[in-house]
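Summary of structural features
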Amino acid sequence: MRRPFPALGELTLARLREFLREPEALFWVFAFPVLLALALGLAFRGKAPERIPVGVADGPGAAAIATTLGRSPALLPRVYADSTGREALRTGKISLLVEDDGGLVYRYDPTRPDARAARLEVDDALQRAAGRIDPLRPRETRSTEPGSRYIDFLVPGLLGLNLMGTGMWGLGFSIVTARTRKLLKRLAATPMRRSEYLLSQMLARLVFLVFEVAVLVGFGWLAFGVEVRGSLGALALVSLLGAASFAGLGLLVSSRTKTVEGVSGLMNLVMLPMWLLSGTFFSWERFPEAVHPFIRALPLTALNDALRAVMTEGRPLSALGLELGVLALTGTVSFLVAVRVFRWQ
Amino acid sequence: MTAFAIRCAGLVKRYDDVVAVDGLDLEVRRGECFGLLGPNGAGKTTTIEILEGLTEADEGDVEVLGAHWSRDGRALRERLGISLQETQLADKLTVEETLLLFRSFYRKGRDPEELLATLSLGEKRHSRVGKLSGGQRQRLAVACALAGEPELLFLDEPTTGLDPQSRRDLWEQVERFQAGGGTVLLTTHYMDEAERLCDRVAIVDHGKRIALGTPEELIAQLHATNVVEFATEPRLPEALLTALPGVSEVHADGDGWALGVRTLAETVPALLAAVDAASARLLTLATHRATLEDLFVAKTGRRLRDA
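Residues numbered from 1 in each chain as written. Chains lettered and ligands numbered in written order. Predicted model: local features only at pLDDT ≥ 70, side-chain atom pairs only at ≥ 80, totals over all residues.

1. Let's talk about the overall build of chain B
Helices and strands together make up the secondary structure of chain B, namely eleven helices and 13 strands. In terms of overall dimensions, chain B has C-alpha extents of about 75 × 45 × 35 Å along its principal axes. Within chain B, the proportion of its 307 residues that are buried is 44%. Sequence-distant contacts in chain B: of pairs separated by 6 or more residues, those separated by 24 or more amount to 71%. (Helix = DSSP H or I, 4+ residues; strand = E, 2+ residues; numbered from the N terminus. Buried ≥ 20, exposed ≤ 12 C-beta atoms within 10 Å, placed from the backbone. Contact = placed C-beta atoms within 7 Å.)

What follows is the structure in structure tokens.
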């Protein structure tokens, strides 16, 4: 048998082994984000813009209107009899319904982006057919090259989300399980330095990080041609800081919790707002301006923004002071508080 | 170096409105195996955890190996081996990995290879902890406790839930450790374990020490070498039993009685005659040598198991 390594090494090794021997954990860390990226990448893949389905309520001029609308490359019109048009509108089968009660009526829900687009396209088509001459005729250049597609926006966000999830669950579950099994108490009864135990949990986390980032970024590149425009070093550093930050947060959340159920609830409480607000699936700038400062203070927002800045915009680390600061602060404060309040039994 | 491995005086620990330990004094000499014997909830675990430095006492002084937890905590941990009640080591690690982990916490200690052999875990070295039997798991817990080559070994209910063979294996380990000069403090609610292993025993109940001495001394306190347990229909009156020859103690025992007697040959024929004379029917009759359990019954009126 080999000689034992120093305690920090043995503790980190033990944590790594436990993780590698847990197939479910491997799935959530490595397979799940790739599957998510694959599904979303396929759903929003770059293809010819789809025609927007619109309806025309049946009446004397309905057929003519439908023909006019059909000439527009952006619209897919259909004539509806009686009330079936409004039914189709209500259930979202069409984005807009054109009615004629002596004058033309556009019926649509202006809070839906597709309905607003339909309103513009329908109006354009009908006005031009009625003889409107547009004073300006700008040319159009379509931008669908790599770097500006949805998948380019998505991959850094998924990376951020994954770093948050694995950081928090990875630490939270293992620590709370060790506590419920009285293993923490047993360790506390040895001369082991308690800070070394906590540090080993974070270190083990950072070892997986390398693979986690490589798998997701590699997949994005191979499957969708998502490139890293900034330096790989900057990407590594941002990921490292992000992972450390969430490992600290995971440590804090699990520092006193006695049951796995309890820690699950706490984790969700902390992570759910970030899932929603931090701009993983869509830009956080869509939220009202009043809440922007709050959203920007969230560590996942900082991580997502920093990852996007490096991956899609190719910006250097020096331009990411605020984001890196938020991450460093979150990680450091959580770790220090966690060490202080940690419950060993 | 003091002659005592453990000294504590006036130990008190309260949880909310429950007093778990109520003014306990203990002195454990170096090199002896000392047992804390008592029913579940008697305060044994709280006491041992205070001595292990895991729980802080509300009142009282504790001195372990001549040191104090408040001042020399970390240095003291290097010299102790601890097996807690109900600790579950990491299921996913192997026996060897677990032992190396624990060995890494100590500056000096025993060779893990030799420990595995001593505890007959050599064949199981690559097995995951989750796959071990109860006895193997407990041996591993003891191996982890011995990893730092301790001077003092704490064992909290070391054989609870084990089969008879595993219990004997573990007892052998404790005896071997003691033979090497180590001191042992163990808690148990098995009298046979205390009688077999312990040089001295303190019986605790409701957080108080109710008896202290070698197992032989304690049993001698009963003034009886044997116990006769019987039940009759109808029940015989207590006065009749006290008057039987050679009976030193009479205790109600469920539906029947337990008699402490000097010799069976003197008392049993007289008892049978008395049953006959009272026209009663004998339902059960059993005898055994007096044990620490009988002392506990004599002191508290309850049995260890159902107390």
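2. Quick look at the interface of chain B and chain A
On the side of chain A, 23 residues touch chain B, which itself brings 25 residues to the contact. Elements supplying a minimum of two residues to the side of chain B that touches chain A: α2 (69-77), α3 (95-103) and α4 (112-118) of chain B.

3. Focus on the sheet that holds strand β11 (residues 247-253) of chain B
Residues and elements named next belong to chain B. Pairing is antiparallel across the open sheet formed by four strands, whose spatial order is β11-β12-β10-β13. With one partner strand each, in any of the chains shown, β11 and β13 (281-289) form the two edges of the open sheet. Within the sheet, the average angular offset between the axes of one strand and its neighbour, ignoring direction, is 20 degrees. Note that strand β10 (residues 226-233) and strand β12 (residues 256-261) share five bridges and pair antiparallel. When the sheet's bridge partners are listed, Val228 is paired in β12 with Leu259. (Pairing = 2+ DSSP bridges. Axes fitted to C-alpha atoms, helices over the stretch in contact; angles between N-to-C directions.)

4. Points about the environment of Val95(B)
Residue and element names in this part refer to chain B. Tracing the backbone shows Val95 in helix α3. Residues Val95 and Glu114 lie 19 residues apart in sequence; the distance between their C-alpha atoms is 13 Å. What Val95 contacts, discounting residues up to four positions off in sequence, is Leu121, Lys124, Arg125, Ser127, Val129 and Leu140.

5. Observations regarding the domain arrangement of chain A
Per the domain assignment, the segments of chain A are domain 1 (7-44 + 149-341) and domain 2 (52-129). Summarising the inter-unit geometry, the C-alpha centres of domain 1 of chain A and domain 2 of chain A are found 47 Å apart. (Domains from an automatic or database assignment.)

6. Quick word on the domain arrangement of chain B
You can read the domains of chain B as domain 1 (31-46 + 72-216) and domain 2 (223-289). Centre-to-centre, using C-alpha coordinates, domain 1 of chain B lies 40 Å away from domain 2 of chain B.

7. Re the sheet that holds strand β8 (residues 200-205) of chain B
Residue and element names in this part refer to chain B. Taking strand neighbours across the sheet as the criterion, the six strands line up as β5-β6-β7-β3-β8-β9 in an open arrangement whose pairing is mixed. Single-partner strands in this sheet number two, and they are β5 (80-83) and β9 (208-213). If you compare each strand with its neighbour and ignore which way they point, the axes differ by 15 degrees on average. Contacts from helix α5 (residues 134-146) reach β5 and β6 (152-156) within the one sheet, and its direction differs from that of β5 by about 160 degrees.

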